[in-house]
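Listed below are the residues making up each chain.
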Amino acid sequence: MFIPRIATMSYRIGIVGATGLVGRTLIDVLAERAFPVAELGLYASARSAGSTLKWHGQAVPVHELTPSAVEIGYDVVFFSAGATVSLQYAPLFAAAGATVVDNSSAWRADPTAPLVVPEVNGHRALEHQGIIANPNCSTIQLAVALKPIADLFGLERVVVATYQSVSGAGQRGLDQLSAELCGQEPSVRISSHPLAHNAVFHPIGNDGWSQEERKVMTELLRILELPDLAVAATCVRLPFFRSHAEAVWVQCQHPVDLPALTAAYQQHPSIAVCQEDYPTPQSVAGSDQVWIGRMRRDHFDPRAILMWVVADNVRKGAATNAVQIAEYLHHHGQLSRKQPSTSGVTL
Ligand SMILES: NC(=O)c1ccc[n+]([C@@H]2O[C@H](COP(=O)([O-])OP(=O)(O)OC[C@H]3O[C@@H](n4cnc5c(N)ncnc54)[C@H](OP(=O)(O)O)[C@@H]3O)[C@@H](O)[C@H]2O)c1
């Protein structure tokens, strides 16, 4: 197996789902942020075996994920290949001593796997037992925007409507919308409704809520560590390719001082405030920041404000957040491979 070695770097990194939207972006983000990578192993399904992806200009082969990958001895393995693959393989890599950062929904409700947005609850990453869950893309940007409000005024209730790009559903979302915009019949679909010129929901359950809405509502409470916070979400998919926007109404425990909140946002390393104009999905695509605009008071309640929160779902909503989790552990000296577990997890 060919793995390029870069003498000045230090961790053995694996990426599962490397050929996907998030996986390819993980490779870009690791390179852009000069993450200390000593070795890089790329994995996907059998469909991609034999293809290559670029790392610092070198072609790195993509391998079919099989149990033999676990034996290589990675320090960190990023997963972005869906929940089924994560459920099967993440415990194996973790038992072999790797730290797993998982982008799927597989471990987000598991109390043994911290659910982490580094700017909000990074300290929880230090408590991991091998697997750290990256939250849902819609939740990450909302949690970043709400944390300063929680700290300044206390949170009581949040009502959010999402305006989500088709890339949130991966390559298949891009393919369905691209085909429809060209007047072709899509070969794959993420929705039985047309995406082009339309507004559609994620599949809706028997209880009337979509899985995406449930993820936002439950994950937010866990990340903010506010189990009694009242949250209601309506998640909508719209026909653009990149970034998610959110219209957010927030009711606080105390009256909101808008200039104080604006100042807190302006000092925040991951937040960009738009005061002249407003952020759009197109204008923030490719950015790692969470963009906030249209902040305004609720005329009927001095404790309530409204805002518009936009972020790149594939970067801050997935790949960048995952790399920031690894950076957090690296800065706390907790990223090297652990001794393999003897708890009986077998290949
Ligand atoms: N897109 C987003 O905005 C976003 C945000 C947050 C979280 N996520 C989560 O991240 C994960 C990946 O999303 P994505 O958007 O990157 O999807 P994607 O573009 O469809 O990519 C899926 C990746 O998984 C790989 N894969 C599929 N089956 C596999 C198997 N049996 N073994 C190994 N690899 C397999 C695919 O490999 P092949 O190319 O060989 O098929 C591909 O690399 C999902 O769990 C998703 O929920 C996505």
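Small disclaimer: the values here were computed from a predicted structure and weren't measured.

S.K.: For this particular structure, what's the right way to read the overall build of the protein chain?
M.R.: Across its full length, the protein chain holds nine helices and 14 strands. For 347 residues, the compact-globule formula gives about 20 Å, and the C-alpha radius of gyration of the protein chain, at 20 Å, lands near that figure. Overall, the C-alpha framework of the protein chain stretches about 65 × 50 × 40 Å when taken along its three principal axes. For the protein chain, the proportion of its 347 residues judged to be buried stands at 48%.

S.K.: Can you help me understand the environment of proline 91 in this one?
M.R.: Considering the arrangement of structural elements, one finds proline 91 in helix H2 (residues 83-95). In this structure the C-alpha to C-alpha distance between proline 91 and asparagine 121, which are 30 residues apart in sequence, comes to 23 Å.

S.K.: Could you clarify how one ought to interpret the nonpolar core in this entry?
M.R.: If you look at soluble globular proteins, the nonpolar side chains tend to sit buried side by side. The biggest cluster of nonpolar side chains holds 97 residues, and the ones touching the most others in it are Leu26, Val76, Phe93, Val100, Ala143 and Leu146. For this core, the leading source of residues is helix H4 (residues 137-153), giving ten residues. In terms of domain composition, this core takes at least three residues from each of domain 1 (11-106 + 319-331) and domain 2 (138-313). If sequence neighbours within four positions are ignored, leucine 146 has contacts with Leu155, Val158, Leu224 and Val250. Among the nonpolar cores identified, the runner-up in size contains five residues, and Ala169, Leu177, Ile190 and Leu195 belong to it.

S.K.: Would you take a moment to explain the site of the ligand for this structure?
M.R.: The environment of the ligand is formed by 30 residues, the closest being Gly20, Ser48, Ala81, Ser104 and Gly170. For the shell around the ligand, the elements supplying multiple residues, two or more each, are helix H1 (21-32), strand E2 (37-44), helix H5 (171-181) and helix H9 (315-331). Here the element with the most residues in the shell around the ligand is H1; it accounts for three residues. Looking at the shell around the ligand residue by residue, the class counts come to twelve nonpolar, 16 polar and two charged. Inspection of the shell around the ligand shows a minimum of three residues originating in each of domain 1 (11-106 + 319-331) and domain 2 (138-313).

S.K.: Where do I start with the packing of H4 against helix H7 (residues 258-267) in this structure?
M.R.: For any two helices packed against each other, the geometry comes down to the angle between their axes and how far apart the axes lie. Relative to each other, H4 and H7 sit at 135 degrees, their axes nearing to 10 Å. Between H4 and H7, the interaxial angle falls into the category oblique. As for the relative orientation of H4 and H7, their crossing is right-handed in sense. Here H4 contributes Pro148, Ile149 and Leu152 to the contact with H7, which in turn contributes Ala260, Leu261, Ala264 and Tyr265. Split into classes, the residues belonging to the contact of H4 with H7 amount to seven nonpolar, no polar and no charged.

S.K.: Please clarify how H1 should be interpreted in this entry.
M.R.: Given a rise of 1.5 Å per residue, twelve residues ought to cover 16 Å, and the 16 Å separating the end C-alpha atoms of H1 matches this to within 8%. For H1, a buried count of nine out of twelve residues is recorded, marking the element as mostly surrounded by other parts of the structure. Listing the buried residues of H1 in full gives Leu21, Val22, Gly23, Arg24, Thr25, Leu26, Ile27, Val29 and Leu30. Residues of H1 that are buried in the fold lie against strand E1 (11-16), E2, strand E3 (52-55), strand E5 (76-79), H5 and H9. Phi turns positive, to about 50 degrees, at alanine 34, one or two residues after H1.

S.K.: Which parts of the structure should I look at to understand the packing of H1 against H9?
M.R.: Remark: H1 packs on H9, axes separated minimally by 9 Å, with the N-to-C direction vectors making an angle of 50 degrees. The pairing of H1 with H9 is recorded here as oblique in orientation. Regarding H1 and H9, the two cross each other, and that crossing is right-handed. Two secondary-structure elements touch here, H1 through Val22, Thr25, Leu26, Val29 and Leu30 and H9 through Arg315, Ala318, Ala319, Thr320, Ala322 and Val323.

S.K.: Can you help me understand the sheet that holds strand E9 (residues 200-201) in this one?
M.R.: Either a parallel or an antiparallel arrangement is found when strands of a sheet pair, and the pairing is made through backbone hydrogen bonds. Taken in spatial order, the seven strands line up as E9-E10-E8-E11-E14-E13-E12 in an open sheet, and their pairing is mixed. Looking at which strands have only one partner, the edges of the open sheet turn out to be E9 and strand E12 (271-273). The sheet contact formed by strand E8 (residues 155-164) and strand E11 (residues 244-252) spans nine bridges and is antiparallel. Across the sheet, valine 159 pairs through a bridge with tryptophan 249, a residue of E11. Its contacts with the sheet put helix H6 (residues 211-224) on E8 and strand E10 (230-237), and the angle it makes with E10 is roughly 145 degrees.

S.K.: It is not clear to me how the pairing of E2 should be interpreted in this structure. Could you clarify?
M.R.: The two faces of the sheet receive side chains in turn, since in a regular strand these alternate between them. Burial of E2 is extensive: seven of the eight residues sit out of reach of the surface. Of the crossover connections in this fold, the one passing from E1 over H1 to the parallel E2 is right-handed.

S.K.: Just to check I follow, could you spell out H4 for this structure?
M.R.: An α-helical turn contains 3.6 residues, so a residue and the one three or four places further along point in the same direction. Spanning 17 residues, H4 covers 25 Å between terminal C-alpha atoms, matching the ideal 24 Å at 1.5 Å per step. At leucine 146, H4 shows its largest kink, close to 30 degrees, and the proline proline 148 lies no more than four residues downstream. Of all the 17 residues making up H4, 15 are buried; the element is thus mostly covered by neighbouring parts of the structure.

Criteria and thresholds
Residues numbered from 1 in each chain as written. Predicted model: local features only at pLDDT ≥ 70, side-chain atom pairs only at ≥ 80, totals over all residues. Helix = DSSP H or I, 4+ residues; strand = E, 2+ residues; numbered from the N terminus. Rg over C-alpha atoms; globule rule 2.2 N^0.38 Å. Buried ≥ 20, exposed ≤ 12 C-beta atoms within 10 Å, placed from the backbone. Core = buried A, V, L, I, M, F, W, Y, C linked by C-beta atoms within 7 Å. Domains from an automatic or database assignment. Contact = placed C-beta atoms within 7 Å. Near = placed C-beta within 6 Å. Nonpolar A, V, L, I, M, F, W, Y, C, P; charged D, E, K, R; others polar. Axes fitted to C-alpha atoms, helices over the stretch in contact; angles between N-to-C directions. Parallel < 35°, antiparallel > 145°, perpendicular 65-115°, else oblique. Left-handed = near helix turned anticlockwise from the far one by under 90°. Expected span 1.5 Å × (residues − 1). Pairing = 2+ DSSP bridges. Right-handed = clockwise from strand over helix to strand, strands pointing away. Bend = angle between axes of the 7 residues up to and from the residue.

So far we have only geometry, and geometry alone does not tell us how the molecule works.
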